[in-house]
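A structural walkthrough
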Amino acid sequence: MPDHTHHIRLLRDLAAILEAQSETSDDPLIPHPDTQAILSTRHTSRGQLNYAVPEALQLQRRIRRYNADSNIPHGDIVALALDTFLRAKGYPPEPASTTA
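Everything in this summary refers to the structure shown in the same document. This one's a predicted model, so the numbers in the text were calculated from it and none came from an experiment.

Summed over the entire model, instances satisfying the criterion amount to 2 salt bridges. Here D76 makes a salt bridge to R46, at a shortest N to O gap of 2.8 Å. Taken together, the residues D76 in helix α4 (residues 74–88) and R46 in the loop between α2 (33–40) and α3 (59–70) connect sequence positions 30 residues apart. For D76, a relative accessible area of 9% puts it in the buried group.

With 15 residues, α4 ought to run about 21 Å at 1.5 Å a step, and its terminal C-alpha atoms sit 21 Å apart, in line with that. D76, I77, L80, D83 and T84 are the residues of α4 that are buried. Angularly, the buried residues of α4 cover 145 degrees about the axis, an arc narrow enough to put them on a single face. Buried residues in α4 make contact with α2 and α3. Once α4 ends, the next one or two residues include G90, with phi positive near 95 degrees.

Here the focus is a positive patch on the surface. A cluster of like positive charges, contributed by R61, R62, R64 and R65, occupies part of the molecular surface. If you trace the backbone, R65 turns up in helix α3.

The next subject is the packing of α2 against α4. The N-to-C vectors of α2 and α4 enclose an angle of 160 degrees; their axes lie 11 Å apart at closest approach. One element, α2, and the other, α4, form an angle in the roughly antiparallel class. Classified by chirality, the crossing of α4 by α2 is right-handed. Contact residues: α2 offers D34, T35 and L39, while α4 offers D76, A79, L80, D83 and R87. For the contact of α2 with α4, the class distribution of residues is 3 nonpolar, 1 polar and 4 charged.

Calculation notes
Residues numbered from 1 in each chain as written. Predicted model: local features only at pLDDT ≥ 70, side-chain atom pairs only at ≥ 80, totals over all residues. Heavy atoms only, no water. Salt bridge = Lys/Arg side-chain N within 4 Å of Asp/Glu carboxyl O. Helix = DSSP H or I, 4+ residues; strand = E, 2+ residues; numbered from the N terminus. Buried < 20%, exposed > 50% of the residue type's maximum accessible area, 1.4 Å probe, protein only. Expected span 1.5 Å × (residues − 1). Arc of directions from axis to C-beta. Contact = heavy atoms within 4.5 Å. Patch = residues over 30% accessible without salt bridge, like charges linked within 9 Å, V, L, I, M, F, W, Y side chains within 5 Å. Areas by Shrake-Rupley, 256 points an atom, 1.4 Å probe, with all protein chains shown as cover. Lys, Arg positive; Asp, Glu negative; His and termini not counted. Charge placed at Lys NZ, Arg CZ, Asp CG, Glu CD. Axes fitted to C-alpha atoms, helices over the stretch in contact; angles between N-to-C directions. Parallel < 35°, antiparallel > 145°, perpendicular 65-115°, else oblique. Left-handed = near helix turned anticlockwise from the far one by under 90°. Nonpolar A, V, L, I, M, F, W, Y, C, P; charged D, E, K, R; others polar.

Geometric descriptors of this kind do not, in isolation, establish any biological role.
Next up, the structure:
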């Protein structure tokens, strides 16, 4: 009898991805619960993100204003915005690898 362990693991991973995608709200602007959990963790590992963006969009100014209104840190504002956009376009983060 052939060993289907590898295929079963792949199917479970696929099911987990589909389940995570189906748990999201119908409103694409509401941050994903997983993203909220990561950002609320006090000692989340962080990396620098450097991209040149058009100055005409006034992104830095708008981020500062939003921070003043919401008290959400600048980096979290950028993380929420990019994560929400990429998830809405079909690019969720890859699930953490699991050992079976």
